[in-house]
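A structural walkthrough
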Amino acid sequence: MSKGSTLPETTTEVGAGRPGVDEPASTRGKTAIADVVVVKIAGMAAREIPGVHTMGGGLSRTIGAVRERIPGSRANVGRGVKVEVGERQTAIDLDLVVEYGVPIMETTADVRENVILAVERITGLEVVEVNITVNDVHLPEDDDAPAQADSRVE
């Protein structure tokens, strides 16, 4: 499995193509799709669903939060996404944090549907499964800044 861009990039050939001037132009040559392409598409599609607060497990979220505070850095859309890509099919694993109060089963069903539609439409690969793990629930008070304690000394 590939995990964002942290592992060596792999590509999967999805269009074998046929050489020759007698063949239609659209079939002359090969098409290869890197695993990171599927990771990014799945990550973006999952984040589009209302109720998804963020993605990734506890440690990856912490590291990602630190990395995103560095000037000039970009958010990692592949955080919390693992894929396995074959010649014509792909399997996807997602780690989510959902907002408090959203129906988790409905939210994960919406995420699953959106990810499958996006990956199949954009890559042409058949998505055989999308496994989702909800790692945490984001509470409204998690956004509040920590209260300043009154100093005991002046």
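Right above here is the structure, for reference.
The notes below deal with the structure included here. (Residues numbered from 1 in each chain as written. Predicted model: local features only at pLDDT ≥ 70, side-chain atom pairs only at ≥ 80, totals over all residues. Heavy atoms only, no water.)

1. Side note on the environment of valine 85
Secondary-structure assignment places valine 85 in strand β5 (residues 81–85). The exposure class assigned to valine 85 is buried, which follows from its relative accessible area of 15%. C-alpha of valine 85 to C-alpha of valine 38: the two residues are 47 residues apart in sequence and 8.2 Å apart in space. (Helix = DSSP H or I, 4+ residues; strand = E, 2+ residues; numbered from the N terminus. Buried < 20%, exposed > 50% of the residue type's maximum accessible area, 1.4 Å probe, protein only.)

2. What about the pattern of salt bridges?
Think of it this way: side chains of opposite charge can pair up when their charged atoms draw near. According to the stated counting rule, one finds 2 salt bridges in the structure shown. When the shortest N-O distance is used, the salt bridge between aspartate 95 and lysine 82 registers 3.9 Å. In this pair, aspartate 95 sits in strand β6 (residues 89–99) while lysine 82 sits in strand β5, placing the two residues 13 residues apart along the sequence. Look at aspartate 95 and you get buried, because its relative accessible area is 18%. What makes lysine 82 partly exposed here is its relative accessible area of 27%. (Salt bridge = Lys/Arg side-chain N within 4 Å of Asp/Glu carboxyl O.)

3. Re the nonpolar core
Judged by nonpolar contacts, the single largest core of 24 residues is most densely connected at Val38, Val81, Ile92, Leu94, Val111, Val115 and Val119. Here this core takes 6 residues from helix α1 (residues 35–47), the largest share from any one element. Beyond its immediate sequence surroundings of up to four residues, valine 38 is in contact with Ile33, Val83, Val85, Thr90, Ile92, Val119, Thr123 and Leu125. (Core = buried A, V, L, I, M, F, W, Y, C linked by side-chain atoms within 4.5 Å. Contact = heavy atoms within 4.5 Å.)

4. Notes on the side chain of threonine 107
Relative to the helices and strands, threonine 107 resides in helix α3 (residues 104–123). Polar contacts involving the side chain of threonine 107 include one to the main-chain carbonyl oxygen of proline 103, which spans 2.9 Å. For threonine 107, the contacting residues outside a window of four places in its chain are Ile49, Pro50, Gly51, Val52, Val98 and Val102. (Polar contact = N/O pair within 3.5 Å; in protein donor to acceptor, adjacent residues only side chain to side chain.)

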